[in-house]
Amino acid sequence: MATPENKLAFDDGWQYSPAPESTDHVRIKKKYDLFIGGDFVKPEKGRYFDTINPATEEVISRVALAADADVDKAVKAARKAYPGWSRMKAAERGKYIYRIARILQERSREFAAIESLDGGKPIRESRDVDVPLAAAHFFYYAGWADKLEYAFPGRNVKPLGVAGQIIPWNFPLLMAAWKIAPALACGNTVVIKPAETTPLTAMKLAEVIADAGLPPGVVNIITGAGETGAAIVNHPGVDKIAFTGSTSVGRIIQKALAGTRKHYTLELGGKAANIIFADAAIDQAVEGIVNGIFFNQGHVCCAGSRLFVQESVADRVIQKLKDRMETLIVGDPLDKNTDIGAINSQEQLATIRSYLKVGQDEGGEMFQSSCRIPKKGYWCRPTIFTGVSQSNRVVQEEIFGPVLAIQTFRTYNEAISKANNTPYGLSGGIWTDKGSKIFKMTQSVRAGVVWANTFNKFDPTSPFGGYKESGVGREGGLHGLDAYLKLEA
Ligand code: NAP
Ligand code: MG
């Protein structure tokens, strides 16, 4: 990790001494076992894998690789805990969830630093967005635990059983909170698997759950690879699968679950349209474009990765955007001034680079900011493509990096038809001065979330989820409870 004494070398030979967040308060073990039945246990086959810091390529820690036998053990622990947890007085269940929320808040600085170390995101984002929002999800669902009959009046509410949960690497702690909090509030028990490249905050959360005194087996956290996720999906002792990740893996899971009695929710990819009308407040819209695509290096399923600008203001918006891109700082995720951190993994960087080539080969004009990037680690300058059309792959496919495809439109109807011309339907954004246009647009854009004059704003009270190839089901808010309950008349 870079320290003030430890200069950071850049690709052009320039050196810079960053002022990173202190990591004195961060405790990371050399090795993490699996959290099963309330204990940290060794994996049956004794296998571990490295988790690295994508900003330095250094190994941070080793984590257990759970195989089928470990998944089986975790599911059995969750099954054993289920009768006690589901029959516990609901207000008591709520107290445990409140406790998790409070401990998370108390340890927020440590969680933020670990999230940035393990995943590459800027400390400003993990500190101000990921960790507080994760705590907010636990607080919000803790409040529902003893009010489920009021959430669904006249219905008999029952938990589903054991929830198997599989999460991605882009918001590791936050996705764990999205999954665990509603499941517990509804009386389910949990087996959750974090992504391979970002297991550390999940293992820290295991410590919080142990410290909160939850009964053993209510939450089991197992690290591993794709096969570990598949073993959870296919285990007969699991009653519900909650998955967030790529559409391709989502498809495999949906096929595996077809014909079984298992419930499921799938949060998959996206290619959101961010639409700027000529009557929008242009400077604010430019900030919204930047936030929409460069937040979390563009590793965001709801990123505003397709920009549509009304023709009369297109030149002005694009010039302002380029000027703004030149001010963005790419570098040390632990530096509070950093705007864009490290790309999560070498593999993801290779994917992004392949799209940069595809975009140019398709005839798109690529612009990247001229910022320096460190020599070691995985980095991508903020990038835009102009001169692209609907059929181009950089317009159609999810890149999951800081890469924006820009198109223009003349009329309202043209904007809508272009925005909806995608297999995805997760999110969208509209920038205009007219309330009536917002009202009409939000009903016409086929997406689970549509932001107006803002972007990438999240709240635990609000449902989130997609249409078409962006997934099945909703998380967050009341809808998020529904996904973990059997509602009987
Ligand atoms: P992914 O392969 O779908 O991984 C998501 C989670 O599923 C991870 O925990 C992964 O484990 C696990 N997994 C992998 N194969 C599985 C299988 N056959 N059965 C069950 N679980 C399985 O996504 P990724 O590789 O992390 O990223 C690839 C692409 O997915 C990205 O480029 C992006 O397009 C998309 N993505 C979307 C979101 C979103 O929020 N919508 C989030 C992340 C990624 P391992 O990590 O151990 O492989
Ligand atoms: Mg890592």
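Just above, that's the structure.
The structure presented is a predicted model; accordingly, all values stated were derived computationally and were not measured.

Draft legend 1. Inspection of the sheet that holds strand β3 (residues 31-32) at higher detail. The strand order across the open sheet built from 3 strands is β3-β7-β6, with neighbouring strands paired in mixed fashion. The open sheet has two edge strands, β3 and β6 (48-53), and neither has a second partner. Seen against the sheet, helix α3 (residues 108-119) touches β6 and β7 (58-64) and runs at an angle of roughly 100 degrees to β6.

Draft legend 2. Quick look at the coordination of the magnesium ion (ligand 2). On the protein side, the magnesium ion (ligand 2) has Ile52 (O), Asp118 (O), Asp118 (OD) and Thr197 (O) as donor atoms, found 2.4 Å from it. Spacing between the donor residues of the magnesium ion (ligand 2) along the chain follows I-x65-D-x78-T. With Ile52 in strand β6 and Thr197 in the loop between β10 (189-193) and α7 (200-211), this pair connects stretches of sequence that are 145 residues apart. You can call Ile52 partly exposed: its relative accessible area is 28%.

Draft legend 3. Here's a closer look at the packing of aromatic side chains. Tallied over the entire structure, the rule returns 13 aromatic pairs. Summarising the aromatic geometry, the rings of Phe35 and Phe40 are spaced 5.0 Å apart at their centres and angled 40 degrees between planes, so their arrangement reads as tilted. Ring-pair connections join several aromatic residues into one group, and the members of that group are Trp178, Trp451, Phe455, Phe458 and Phe464. The lysine or arginine in question, Lys437, covers the ring of Phe277, its NZ or CZ lying 4.5 Å from the ring centre.

Draft legend 4. Local environment of the layout of surface pockets. The space that makes up the largest pocket amounts to roughly 1200 Å³. Forming the walls of the largest pocket are 50 residues, and the residues nearest its centre are Pro168, Trp169, Gly245, Ser246 and Val249. Elements with a contribution of two residues or more to the lining of the largest pocket: β6, α8 (226-234), β12 (240-244), α9 (247-257) and α12 (346-361). The element that contributes the greatest number of residues to the lining of the largest pocket is α9, accounting for 7 residues. Among the residues making up the lining of the largest pocket, the classes are represented as 22 nonpolar, 18 polar and 10 charged. Each pocket or cavity is described by its volume, and for the second largest pocket that value is around 370 Å³.

Calculation criteria
Residues numbered from 1 in each chain as written. Chains lettered and ligands numbered in written order. Predicted model: local features only at pLDDT ≥ 70, side-chain atom pairs only at ≥ 80, totals over all residues. Heavy atoms only, no water. Pairing = 2+ DSSP bridges. Helix = DSSP H or I, 4+ residues; strand = E, 2+ residues; numbered from the N terminus. Contact = heavy atoms within 4.5 Å. Axes fitted to C-alpha atoms, helices over the stretch in contact; angles between N-to-C directions. Donors = N, O, S within 2.8 Å, 3.2 Å for Na, K, Ca; no water. Buried < 20%, exposed > 50% of the residue type's maximum accessible area, 1.4 Å probe, protein only. Phe/Tyr/Trp six-rings, centres within 6.5 Å; stacked < 30°, edge-to-face > 60°. Lys NZ or Arg CZ within 6 Å of the ring centre and 35° of its normal. 1 Å grid on protein atoms, 1.4 Å probe; cavity = no way out; pocket = protein on both sides within 12 Å on 5 of 7 lines; lining within 4 Å. Points joined across faces, edges and corners; volume = space filled by probe spheres on them. Nonpolar A, V, L, I, M, F, W, Y, C, P; charged D, E, K, R; others polar.

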